[in-house]
Structure formats: structure tokens, C-alpha cells
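Fold and contact review
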Amino acid sequence: MNSNKKSAKLVGVLFILAAVTAIIGRLLYDPILNGPDYLMRGSEHANQVILGALMELILVVSAVGTATTMFPILRKYNETIALWHACFRFLEAIVITVGVISVLSLLTLSREFVAAGALDTASFQASGTLLKAVYDWTFLLGPNFLLGINTIMYSYIFYKSKLVPRFIPILGMTGATLVFICALLVMFGVIQQVSVWGAILALPVFANEMILAVWLIVKGFNESALASMSAKK
């Protein structure tokens, strides 16, 4: 029982840590991702950009941490879905890491641009556009597309097993569906990811993670549900 409570608290803390570092990281990237003078501003705010990259690396560790900590719990109900969830969570972490690499590469490009005295601006701009595009796609595929898939998996198990109150996984499955739809709409150019509609569609899955995190920290998993799952095994 103590082990289950510790796992629940750890998952809750990791969900909150992932959300906080994701938001901070995105904000710290602003000088190098936004504005027409990003090649100049990126170098000027190098430490800020690097700190943003560190925040996203903490996000990656948190994502892997939630997957590995939840796996022993989820597999008691359905090992196949639990394994799928872990794999898609790991894939999400890999995609986010590629995004971090693209931003750090963009920072290197910005430094080279400043050192070159803005010579051959066109080639620098072309390279910068490519690296920004890589980040934009990872930002879409990781925190939206893949997040929607792995969220609906663990929410389904939580709903069926009653490990947490059912209103939480219902919100989770709803949020997962909406953020997945958001990813598809952005991919086909219907909406912009960083937009009012993008925020509206992403809000339910964010709310689910925060509510779930608080519940796990304060209440933990339903021990009777865990006992029932273990008995079936």
C-alpha cells in the first residue's frame, strides 16, 4: 500500500513538473522563435534560450518518469494497453528532444550569423526557417498528436478500473480527443496551433493532467480497485 501511495504521489508531481517546465520552456524560447530579427535576438539572449532547453529536457525526464511509474499500475488491468502507453509516451519524449536539438541548433546558427557580420543573410535565413519548421512540427506532434494518444490510453484504464474517480478519466478521454483533433486541424492548415482555438482545444487535457496530479498527490490510487486488479492477476 505504501508503495502504491508513493507511486501515485510521484506521478502527480511529475505531471505538474512536466506542465510547468513545458510552459516555462516555451516562454523562454520567445527571442529565438518569434519576430523577424530572431537570428540576432537569439544570440543576444543565449542564456535564456539555453535555460528554455533545460526546462524542456526536464519535461522529457518527467514524461519518461510518468510512463515508467504508471506502467506497473496500468499493467495490472491491461498489460498490452499499458505497454502501448509507455511506448507512445517514450515516443513523445523523443519528439520533444528533437525539438530541443533544433532550437539549440538555431542558437548556434544565430551565433554564427552574428559572428559573420550578417553576411550571406539569405542562406542563414533559409537554414533558420528550416530549423524553426522542425521545432514547430515537433511542438505539434509531441505535445498534441502523441499526447492525445497516450492520454486516452491511461484514461481508459483509469475509467475501467476505477483507480481514480471516473470524472477524471472522462475529462482525460475528452481532452485527449480534442487535442488530437487540434493536431489534425493544424496539420491540414485549418487553424494555427498557437491561437485561441488551439488553446481552447488543448485546455481540457491540461485540466485533466492537473486535476489528476492533485488527486494522486492528495488521495492516491483507489486501493480497493488495485486489490481487485491484483486478485484477477
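This structure is a prediction, so every number in the text was calculated from the model and none was measured.

**Regarding helix H7 (residues 167-187)**
Here H7 spans 30 Å end to end across 21 residues, near enough to the 30 Å set by a 1.5 Å rise per residue. Listed in full, the buried residues belonging to H7 are Ile168, Pro169, Gly172, Gly175, Ala176, Val179, Cys182, Ala183 and Val186. Considered in projection along H7, the buried side chains sweep an arc of 135° and stay on one side of the axis. Where H7 is buried, its residues contact helix H6 (121-161) and helix H8 (196-218). Once H7 ends, the next one or two residues include Gly189, with phi positive near 75°.

**Details of the environment of Ala207**
Within the secondary structure, Ala207 is located in helix H8. When its relative accessible area of 25% is taken as the criterion, Ala207 is described as partly exposed. When the C-alpha atoms of Ala207 and Leu140 are compared, they prove to be 19 Å apart, with 67 residues separating the residues in sequence.

**Some details on the packing of helix H1 (residues 2-28) against helix H4 (residues 46-74)**
One way to put it is that H1 packs onto H4 with a least axis distance of 8 Å and a crossing angle of 155°. Classed by the angle they form, the pair H1 and H4 counts as roughly antiparallel. Remark: the crossing between H1 and H4 carries left-handed chirality. Here the contact of H1 with H4 is built from residues that sort into 17 nonpolar, 10 polar and one charged.

**Let's talk about a nonpolar patch on the surface**
Where nonpolar side chains cluster on the molecular surface, the patch consists of Trp137, Leu141, Leu184, Met187, Phe188 and Val190 and spans about 590 Å² of accessible area. Going through the elements one at a time, H6 and H7 are the ones with two or more residues in the nonpolar patch. Structurally, Met187 can be placed in helix H7. Classification of Met187 as partly exposed rests on a relative accessible area of 35%.

**Things to note about the packing of aromatic side chains**
Pairs of aromatic rings are described using the distance from one ring centre to the other and the angle between the two planes. A complete count under the given rule lists seven aromatic pairs for this structure. Taken together, a centroid distance of 5.9 Å and an interplanar angle of 10° make the contact between Tyr135 and Phe139 stacked. Here Tyr135 and its partner Phe139 are both found in helix H6, four residues apart, which amounts to about one turn of the helix. Between Phe158 and Phe221, the aromatic rings sit 5.9 Å apart at their centres with planes inclined by 55°, giving tilted as the arrangement. Within this pair, whereas Phe158 is found in helix H6, its partner Phe221 is found in the loop between H8 and helix H9 (223-232), the two being separated by 63 residues in sequence. With respect to class, Phe158 is no different from Phe221; both count as buried. Taken together, the ring pairs connect Phe15, Tyr154, Phe158 and Phe221 into an aromatic cluster. Sitting over the ring of Tyr38, Lys132 keeps its end group 4.1 Å from the ring centre. Arg166 extends its terminal NZ or CZ atom over the ring of Tyr159, reaching a point 4.3 Å from the ring centre.

**Here's the deal with empty space enclosed by the protein**
Counted by the stated rule, this structure contains one cavity of 30 Å³ or more. Estimates place the volume of the largest cavity at around 50 Å³. Taken together, Glu56, Ile96, Gly99, Tyr135, Thr138, Phe139 and Pro143 form the lining of the largest cavity. Elements with a minimum of two residues in the lining of the largest cavity: helix H5 (79-115) and H6. When residues of the lining of the largest cavity are assigned to their parent elements, the largest contribution, four residues, is made by H6.

Conventions adopted
Residues numbered from 1 in each chain as written. Predicted model: local features only at pLDDT ≥ 70, side-chain atom pairs only at ≥ 80, totals over all residues. Heavy atoms only, no water. Helix = DSSP H or I, 4+ residues; strand = E, 2+ residues; numbered from the N terminus. Expected span 1.5 Å × (residues − 1). Buried < 20%, exposed > 50% of the residue type's maximum accessible area, 1.4 Å probe, protein only. Arc of directions from axis to C-beta. Contact = heavy atoms within 4.5 Å. Axes fitted to C-alpha atoms, helices over the stretch in contact; angles between N-to-C directions. Parallel < 35°, antiparallel > 145°, perpendicular 65-115°, else oblique. Left-handed = near helix turned anticlockwise from the far one by under 90°. Nonpolar A, V, L, I, M, F, W, Y, C, P; charged D, E, K, R; others polar. Patch = residues over 30% accessible without salt bridge, like charges linked within 9 Å, V, L, I, M, F, W, Y side chains within 5 Å. Areas by Shrake-Rupley, 256 points an atom, 1.4 Å probe, with all protein chains shown as cover. Salt bridge = Lys/Arg side-chain N within 4 Å of Asp/Glu carboxyl O. Phe/Tyr/Trp six-rings, centres within 6.5 Å; stacked < 30°, edge-to-face > 60°. Lys NZ or Arg CZ within 6 Å of the ring centre and 35° of its normal. 1 Å grid on protein atoms, 1.4 Å probe; cavity = no way out; pocket = protein on both sides within 12 Å on 5 of 7 lines; lining within 4 Å. Points joined across faces, edges and corners; volume = space filled by probe spheres on them.

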